[in-house]
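Observations on chain architecture
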Amino acid sequence: MAAAKPSRRPRPQTEPNTQGPASVVPDDFYRHMVWNLRNGVVGVTRDGRIAVMNEIAYRVLGLKARPTDIGRPISEVLKDVPDVLRIVGSAFEVSHLPNRAELRLKGTGKVIGYTLSLVKDPRGRDVGATLFFKDLTRVEQLEERERLRDRLAALGEMAAAIAHEVKNPLAGIEVMAGILKRQLPESPDAQNILADIIKEAKMANVIVQEVLAFVRPIRLELENVSLADVISDAIAMADSHERRGAAKVVVDVPESLRPIQGDPHQLRQIFTNLVTNAFEAMNGNGEVGITATAVEGDEESGAEHTTGPTIVVTVVDNGPGVPPEVVDRIFSPFFTTKPQGSGLGLAIVRKIVDAHDGRIDVSERPGGGTVFRVTLPVRNPQQLFAL
Ligand SMILES: Nc1ncnc2c1ncn2[C@@H]1O[C@H](COP(=O)(O)OP(=O)(O)OP(=O)(O)O)[C@@H](O)[C@H]1O
Ligand SMILES: [Mg+2]
């Protein structure tokens, strides 16, 4: 007699067990879980439609979340992020799916690290693909900062050694030219030449002092600092450095802005240098705008790092802007496009921002000009910063 067939075959292992977890976990759970993940998820069906897309995915890709996107063709939903569209679209064609690959998004400039995987049904057929990604922009910035710090450390050691060697001979030239000047009171020609020598030696000495000041590690004297005060002092100092001409300055820094932990002297230097550059770029015309905004718990979910509350200060000018071919170099020491510039202004700015554990970035102002954005943490854990 044939053995009685079991009325129900046990389901293959790969098939979702609808009896078990479903009874414990409500249906919505998986949807909520995916929506709230701290990584971006884009799931697509074999016929090229969006099956799932979570909040972080929308945010990192710079797209607006619309519930109606589910079921729509990926070519429509992802059309503004062609790189992502291409990667997702290739999932069913390529033999090796990328795992831990990186991509810089053209639109937002964000860097994502991603993994692409296929969704298979119990019979092993490819029914869809999933793009799983993380915003690595902050990690990239930190790496870049680390690289710059290494470069500066090597450069700084060399500059300090040279500056040190040059200091004494320069002082000697100045002293000896002074002696000679006193010995030749009757010769107006010699007096003029010697006066020039003394002036040039003094100028060279100023540069040497600047270089030494730049390469010296910053020791922060932390206090509770009002950025409104710092910024108004910085504007006054920039005014005395450079002829502001008819340039307007518009400050929008709320008095109620909470104080930050920082070194007031160093912070003033940041904004003095930025405003001076803005005046120089605008050549006596135009408008500099300075705004400060508090950002509570800048928790960019999905980013590799989260930070506490910060204050973001922007310095905007409507000058000619930074030419794209030099924008990568403007923070490097000694990079300048000005005949009289030393090229240390922005390098010092960056060093001070770093010492405060902040961030600085530069972008183009729509309509022409430059935007420098300085993000400073309200609380500064660092007491000492060395290059
Ligand atoms: N607001 C700006 N608009 C346009 N270009 C800018 C602006 N700020 C900086 N730059 C560019 O960046 C370069 C480097 O600036 P940085 O302040 O480091 O040096 P500098 O102003 O040339 O010299 P220094 O500040 O030492 O007198 C400038 O020479 C200029 O080409
Ligand atoms: Mg400058």
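For the structure given in this document, a descriptive report is provided here. All values derive from a computational prediction rather than experimental measurement.

Some words on the layout of surface pockets
Of the voids in this model, the largest pocket is the one considered here, and its volume is about 1,600 Å³. Taken together, 49 residues line the largest pocket, and the ones lying closest to its centre are Asn 277, Ser 342, Gly 343, Leu 344 and Gly 345. For the lining of the largest pocket, the secondary-structure elements that each account for two or more residues are helix H7 (188–215), strand E6 (218–219), helix H8 (227–241), helix H9 (264–282), helix H10 (345–355) and strand E13 (370–377). The dominant element in the lining of the largest pocket, judged by the number of residues it contributes, is H9, at twelve residues. The residue makeup of the lining of the largest pocket, split by class, is 23 nonpolar, 17 polar and nine charged. When we break the lining of the largest pocket down by domain, the ones giving at least three residues each are domain 2 (137–217) and domain 3 (220–387).

Examining helix H5 (residues 82–89)
Of the positions making up H5, those classed as buried are Asp 83, Val 84, Ile 87 and Val 88. Buried residues of H5 fall within an arc of 125° about the axis and therefore sit on the same side. Exposed and facing more than 90 degrees away from the buried side of H5 are Pro 82 and Arg 86. Against strand E1 (40–45), helix H3 (55–61), helix H4 (74–77), strand E3 (101–104), strand E4 (111–120) and strand E5 (126–135) lie the buried residues of H5.

What about the pairing of strand E10 (residues 287–295)?
Where strand E8 (residues 248–252) lies against E10, five bridges are found, and the strand directions are parallel. Residue pairing across strands places Val 249 opposite Val 288, the latter belonging to E10.

Here we look at the site of ligand 1
Around ligand 1 there are 19 residues in total, and Asp 317, Thr 336, Thr 337, Lys 338 and Ser 342 lie nearest to it. At 2.5 Å from an oxygen atom of ligand 1 is found a side-chain nitrogen or oxygen belonging to Thr 336. One of the side-chain N or O atoms of Thr 370 is found 3.4 Å from a nitrogen atom in ligand 1. Protein burial of ligand 1: of its 590 Å² of free accessible surface, 89% is covered by the chains. With respect to the pocket detection grid, ligand 1 is positioned in the largest pocket. Contributing elements (two or more residues each) for the shell around ligand 1: H9, H10 and E13. Here the shell around ligand 1 takes three residues from H9, the largest share from any one element. Among the residues forming the shell around ligand 1, the class breakdown is seven nonpolar, nine polar and three charged.

Details of the side chain of Asn 54
Within the secondary structure, Asn 54 is located in the loop between strand E2 (50–53) and H3. Within the structure, the side chain of Asn 54 is placed 2.8 Å from the backbone oxygen of Asn 39, a separation counted as a polar contact. In this structure the side chain of Asn 54 is engaged in a polar contact, spanning 3.0 Å, whose partner is the backbone nitrogen of Ala 57.

What to know about the pairing of E3
Burial of the side chains of E3 is restricted to one face: Ala 101 and Leu 103 are buried, whereas none of Glu 102 and Arg 104 on the reverse face is. Relative to E4, E3 runs antiparallel, the two sharing four bridges. Within the sheet, the bridge partner assigned to Ala 101 lies in E4 and is Tyr 114. Hairpin connection, E3 to E4: the antiparallel pair is bridged by six residues, and Gly 109 has positive phi, about 75°.

Basis of the calculations
- Residues numbered from 1 in each chain as written.
- Chains lettered and ligands numbered in written order.
- Predicted model: local features only at pLDDT ≥ 70, side-chain atom pairs only at ≥ 80, totals over all residues.
- Heavy atoms only, no water.
- 1 Å grid on protein atoms, 1.4 Å probe; cavity = no way out; pocket = protein on both sides within 12 Å on 5 of 7 lines; lining within 4 Å.
- Points joined across faces, edges and corners; volume = space filled by probe spheres on them.
- Helix = DSSP H or I, 4+ residues; strand = E, 2+ residues; numbered from the N terminus.
- Nonpolar A, V, L, I, M, F, W, Y, C, P; charged D, E, K, R; others polar.
- Domains from an automatic or database assignment.
- Buried < 20%, exposed > 50% of the residue type's maximum accessible area, 1.4 Å probe, protein only.
- Arc of directions from axis to C-beta.
- Contact = heavy atoms within 4.5 Å.
- Pairing = 2+ DSSP bridges.
- Near = heavy atom within 4 Å.
- Polar contact = N/O pair within 3.5 Å; in protein donor to acceptor, adjacent residues only side chain to side chain.
- Areas by Shrake-Rupley, 256 points an atom, 1.4 Å probe, with all protein chains shown as cover.
- Sits in = over half its atoms within 2 Å of the grid points.

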